[in-house]
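Listed here are the chains, written in short residue letters.
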Amino acid sequence: MGDIVCNLLDKNYRNKKALNKLSCSIEGEKIIGLIGRNGAGKSTWLKLLAGHLKPTDGEIRIFGENPFNSLKVASNLILIEDTMTFPPFLNIRELLKMAGDFYQNWQGELAEGLLKYADIPLNNYHHKLSKGQASTFNLIYGLATRCAITLLDEPMNGMDEGIRTDMYRAILKEYIANPRIIIISSHHLAEIEHLLEEIMLIDHGEVVLHLPLEAVSQMLVRIKGEVNEVKEMTGYQDVLYEKQDVSYEVIIERNKLDETYDKQSKTLIQSVSATEVCKLLTNKSKGGIDDVFNS
Amino acid sequence: MNISNDSTAPIYIQIAEWIENEILAERLQEAGKVYSQYQLAELFNINPATAGKGLTILLENDIVYKKRGLGMFVQVGAKELILAKRRDEKLSKLAKEIVQEAKRLFVQDEELIELIKKAQREE
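Here the structure is a predicted model, which means the values were calculated and not measured.

Topic: the overall build of chain A
Thinking step 1. The secondary structure content of chain A amounts to 11 helices and 13 strands.
Thinking step 2. When the backbone C-alpha atoms are referred to their principal axes, chain A occupies close to 70 × 40 × 35 Å.
Thinking step 3. Relative to its 295 residues, chain A shows a buried fraction of 36%.
Thinking step 4. Counting contacts in chain A only where the partners sit at least 6 residues apart, residues at least 24 apart contribute 67% of the total.

Shown next, in the form of structure tokens:
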């Protein structure tokens, strides 16, 4: 029994399927990267976990409860997203005070310290902040709640390079100080990779993979060299990617690599980064966009 | 050291190698305490689980040992062990490259051995 359990979740928006029989289980404190292309279903899934939406079919259990209309879930889970709104008549200082009344682990000092560092004055109003400032405030707010489940949907949208780096560090430091389940969605895996323990890759509303980071970065290998040699080594297996220019290049699953190949050959074997693995597993054609131009 | 995401070695291997380097440089003393996974996570801005995996590799290779409740410590003799391992890896890698190149150039075994002996004499 996990802390977050989803069983055959469906979510339809009119005729469009956003989630398609999504199942997963998450247990114990860890930082998970939620990766997927645009429209893969990341935000929809997070909204369902937070109880902001009702699934069309299937079941969600957060700490054993259905999150929809659950006070227990609402006080132990927070979803930070672009479209978050706060009461417009309260300034930031008052928003922080209100949060302290609702969230029992609220870190008021931390929130004020981080906001000061980010140059966001406490007497300002949320709707008057710039896009980057609003994102920064939302993320700081999310971290300061110290909710057992913290969901961050594209938290760095609109932030400049400098503050992004600082905020990633803030997430890590807060996690070390107070471990919790943190799910960060992003289409820039490379940017968050160092923070992650696990990767969950979603495509077309389904979980494509959910594995420790290291397992993902060792899943595939790239083989580069002379056509016949490469084909012999891969045993003509299914390739996820192939390219032919000066040399021939394929990417296959590591466990399909024929280990008895001639170790003296000049064929190159390279590892494939987690970012590339995720991209390949959600690609529609073997050659990527080049195929469109070559056809 | 900078932990690089572009490097081909996974981050946890880079962590293990960094600690080995600290032992070689004697900034970490034998029988002395090693950084905890949380200290490493802070230091290198990485997930504590990743840092933990780096420590586990060292544990498996007998470079460090665990004292219950106290953390990890550098094994006595760790420095020698690391030196021996690196010599081994580096030399055998170079040897492989020499053999491959010799094959490409149609150099016979005896000729190659003579070349190595000559290099030794000239040292």
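Thoughts on the overall build of chain B
Thinking step 1. The helix and strand tally for chain B stands at five helices and two strands.
Thinking step 2. Along the three orthogonal principal directions, the C-alpha set of chain B runs to about 60 × 35 × 20 Å.
Thinking step 3. Considering chain B as a whole, with its 123 residues, one finds that 24% of them fall into the buried category.
Thinking step 4. Across chain B, every contact between residues at least 6 apart in sequence was considered, and the portion connecting residues at least 24 apart equals 52%.

Things to note about the interface of chain A and chain B
Bring the parts together and some accessible area is lost; that lost area is often taken as the interface size.
Thinking step 1. Listed per partner, the contact involves 15 residues of chain A and 17 residues of chain B.
Thinking step 2. Those elements giving two or more residues to the side of chain A that touches chain B turn out to be strand E3 (30-35), helix H6 (161-177) and helix H8 (213-217) of chain A.
Thinking step 3. For the side of chain A that touches chain B, the element with the highest residue contribution is H6 of chain A, accounting for three residues.
Thinking step 4. For the side of chain A that touches chain B, the per-class residue count stands at six nonpolar, four polar and five charged.

Examining the UniProt feature "domain: HTH gntR-type" (unreviewed entry) in chain B
Thinking step 1. According to UniProt, the positions carrying the feature "domain: HTH gntR-type" (unreviewed entry) are residues 9-77 of chain B.
Thinking step 2. With 51% helix and 12% strand, residues 9-77 of chain B has its two end C-alpha atoms placed 26 Å apart.

Some words on helix H1 (residues 42-49) of chain A
Residue and element names in this part refer to chain A.
Thinking step 1. For H1, a buried count of seven out of eight residues is recorded, marking the element as mostly surrounded by other parts of the structure.
Thinking step 2. Among all positions in H1, only Lys42, Ser43, Thr44, Trp45, Leu46, Leu48 and Leu49 are buried.
Thinking step 3. Phi turns positive, to about 80°, at Gly51, one or two residues after H1.

So, the sheet that holds strand E2 (residues 16-26) of chain A
Residues and elements named next belong to chain A.
Thinking step 1. Strand order in this open sheet of three strands is E2-E1-E4, and the pairing throughout is antiparallel. Each end of this open sheet is capped by a strand with a single partner; those strands are E2 and strand E4 (57-62). Adjacent strand axes in the sheet meet at a mean angle of 20° when their direction is disregarded.

Section: the sheet that holds strand E12 (residues 248-253) of chain A
Residues and elements named next belong to chain A.
Thinking step 1. In space, the four strands of this open sheet follow the order E11-E12-E10-E13, with antiparallel pairing throughout. Strand pairing shows two members of the sheet lacking a second neighbour, strand E11 (241-244) and strand E13 (268-271), which therefore form its edges. Strand-to-strand twist across the sheet, computed as the mean angle between neighbouring axes with direction ignored, equals 20°.
Thinking step 2. Examined bridge by bridge, strand E10 (residues 220-225) and E12 share six bridges and lie antiparallel to one another. Among the inter-strand pairings, Arg222 is bridged to a residue of E12, identified as Ile251.

Description of the confidence of the model for chain B
Residue and element names in this part refer to chain B.
Thinking step 1. The pLDDT averaged across chain B works out to 89; a share of 93% of its residues lies at or above 70.
Thinking step 2. Model confidence for chain B, summarised as mean pLDDT per element, is weakest for helix H4 (residues 78-104) at 88 and strongest for helix H3 (residues 48-60) at 95.
Thinking step 3. Contacts for the low-pLDDT stretch residues 1-6, under 50 throughout, to residues beyond four places or in other chains number nine contacts.
Thinking step 4. Model confidence for the complex: the whole-complex pTM is 0.84, and ipTM, which rates the interface, is 0.77.

Regarding helix H9 (residues 227-234) of chain A
Residues and elements named next belong to chain A.
Thinking step 1. Turning to H9, its buried residues are Val230, Met233 and Thr234. One side of H9 holds all its buried residues, which, seen down the axis, span an arc of 90°.
Thinking step 2. Those residues of H9 hidden inside the fold are in contact with E10 and E12.

As for the nonpolar core
All names here are of chain A.
Thinking step 1. The biggest cluster of nonpolar side chains holds 94 residues, and the ones touching the most others in it are Leu49, Ile140 and Leu151.
Thinking step 2. By residue number, the principal contributor to this core is helix H5 (residues 131-145), which donates seven residues.
Thinking step 3. Leave out the neighbours within four places in its chain, and Ile140 touches Ala111, Leu114 and Leu115.

Digging into the domain arrangement of chain B
Thinking step 1. Domain annotation of chain B identifies domain 1 (11-76) and domain 2 (87-122).
Thinking step 2. A separation of 36 Å is found between the C-alpha centroids of domain 1 of chain B and domain 2 of chain B.

Details of the domain arrangement of chain A
Residues and elements named next belong to chain A.
Thinking step 1. Per the domain assignment, the segments making up chain A are domain 1 (4-216) and domain 2 (217-294).
Thinking step 2. A separation of 35 Å is found between the C-alpha centroids of domain 1 and domain 2.
Thinking step 3. If you look at the interface, domain 1 gives 15 residues, while domain 2 gives nine residues.
Thinking step 4. The element best represented in the side of domain 1 that touches domain 2 is H8, accounting for four residues.

Looking at unusual backbone geometry
Residue and element names in this part refer to chain B.
Thinking step 1. Phi is positive for Ala31, which is not a glycine, with a value near 70°.
Thinking step 2. Its location among the elements puts Ala31 in the loop between helix H1 (11-24) and helix H2 (37-44).
Thinking step 3. One non-glycine residue, Asn45, lies in the positive phi region at around 60°.
Thinking step 4. Positionally, Asn45 belongs in the loop between H2 and H3.

What counts and what doesn't
Residues numbered from 1 in each chain as written. Chains lettered and ligands numbered in written order. Predicted model: local features only at pLDDT ≥ 70, side-chain atom pairs only at ≥ 80, totals over all residues. Helix = DSSP H or I, 4+ residues; strand = E, 2+ residues; numbered from the N terminus. Buried ≥ 20, exposed ≤ 12 C-beta atoms within 10 Å, placed from the backbone. Contact = placed C-beta atoms within 7 Å. Nonpolar A, V, L, I, M, F, W, Y, C, P; charged D, E, K, R; others polar. UniProt positions renumbered as here; feature names shortened; annotations may be inferred. Pairing = 2+ DSSP bridges. Axes fitted to C-alpha atoms, helices over the stretch in contact; angles between N-to-C directions. pLDDT = per-residue confidence, 0-100. Arc of directions from axis to C-beta. Core = buried A, V, L, I, M, F, W, Y, C linked by C-beta atoms within 7 Å. Domains from an automatic or database assignment.

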